[in-house]
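Residue-level structural notes
Now for the letters of each chain:
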Amino acid sequence: MISKSLEEYLKTMYVLKKQNGKIRITDIAEKMNCTKPSVNKAVNNLKDNGLLNYESYGAIELTKEGENIAKKALEAYDIVYVFLKDVLNLEEAEAESEAEKIKSAITDVTANKLAKYVHKELGLSNLDCDYDINKEKCRCCVRRTSVK
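Residues numbered from 1 in each chain as written. Predicted model: local features only at pLDDT ≥ 70, side-chain atom pairs only at ≥ 80, totals over all residues. Heavy atoms only, no water.

Moving on to the nonpolar core. Counting residues in hydrophobic clusters, the biggest one holds 21 residues, and the most contacted among them are Y9, M13, I28, V43, L46, L52 and I60. The element best represented in this core is helix α1 (residues 4–20), accounting for six residues. What L46 contacts, discounting residues up to four positions off in sequence, is I2, L6, Y9, L10, M13, L51 and L52. Counting 15 residues, the second largest nonpolar core, distinct from the first, contains Y77, I79, L84 and A99. (Core = buried A, V, L, I, M, F, W, Y, C linked by side-chain atoms within 4.5 Å. Buried < 20%, exposed > 50% of the residue type's maximum accessible area, 1.4 Å probe, protein only. Helix = DSSP H or I, 4+ residues; strand = E, 2+ residues; numbered from the N terminus. Contact = heavy atoms within 4.5 Å.)

Structure, rendered in structure tokens:
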């Protein structure tokens, strides 16, 4: 189990990889509004936990486990964001800000229940197939459009 802070680094790295095709210390620092030494410390910690591969001044690559944690964090954020924006009708900026705060405070059990509720409420699908945010059982059968 890693800290929420390190989870945010993984999420940022995953997004950067998808956007730019590569992950660089400078880009992480800029995106997260923190210093390069802070990023280096986090990268080394994540490397020690087997969540990424990195050699000084080299490429940063997420391991499969690191990628899975990042995807799970993004999915949890998406679920909360959709609930706040589309169910509670919050403005987009407020929903984004609140979703980030809430996502980091809820458990996987709560995220799973919220996902089932959101999907049912919005008529996106029936999640009676034992949806579990940790196993992504419904990624193949639930075709959601991107919420961001």
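Here we come to the pattern of salt bridges. Evaluation of the coordinates by the stated rule reveals twelve salt bridges. Between E8 and K103 there is a salt bridge whose closest N-O contact spans 2.7 Å. Separated by 95 residues along the polypeptide, E8 in helix α1 and K103 in helix α5 (residues 92–103) bring together distant segments of the chain. The class of E8 is buried, set by a relative accessible area of 18%. Note on K103: relative accessible area 3%, which makes it buried. Notably, a salt bridge pairs K11 with E100, separated by 3.0 Å at the nearest N-O pair. Taken as a pair, K11 in helix α1 and E100 in helix α5 lie far apart in primary sequence, 89 residues in all. Exposure remark for K11: the relative accessible area of 9% places this residue in the buried category. Exposure remark for E100: the relative accessible area of 26% places this residue in the partly exposed category. (Salt bridge = Lys/Arg side-chain N within 4 Å of Asp/Glu carboxyl O.)

It is worth spelling out unusual backbone geometry at this point. Most of the time, phi is negative for any residue but glycine, and the peptide bond is trans. In this structure, Y57 is a non-glycine residue whose phi angle is positive, near 65°. One can find Y57 in the loop between β1 (52–54) and β2 (60–62). Judged by relative accessible area, which is 83%, Y57 ranks as exposed. We note that N89 has phi near 60°; this positive angle belongs to a residue other than glycine. In this fold, N89 is placed in the loop between α4 (64–87) and α5.

Mapping D27 onto the fold places it in helix α2 (residues 25–32). When its relative accessible area of 15% is taken as the criterion, D27 is described as buried. Here the side chain of D27 touches R24 through a polar contact of 2.9 Å, side chain to side chain. Leaving out residues up to four positions away in the same chain, D27 has contacts with L16 and N20. (Polar contact = N/O pair within 3.5 Å; in protein donor to acceptor, adjacent residues only side chain to side chain.)

These figures capture arrangement, not role.
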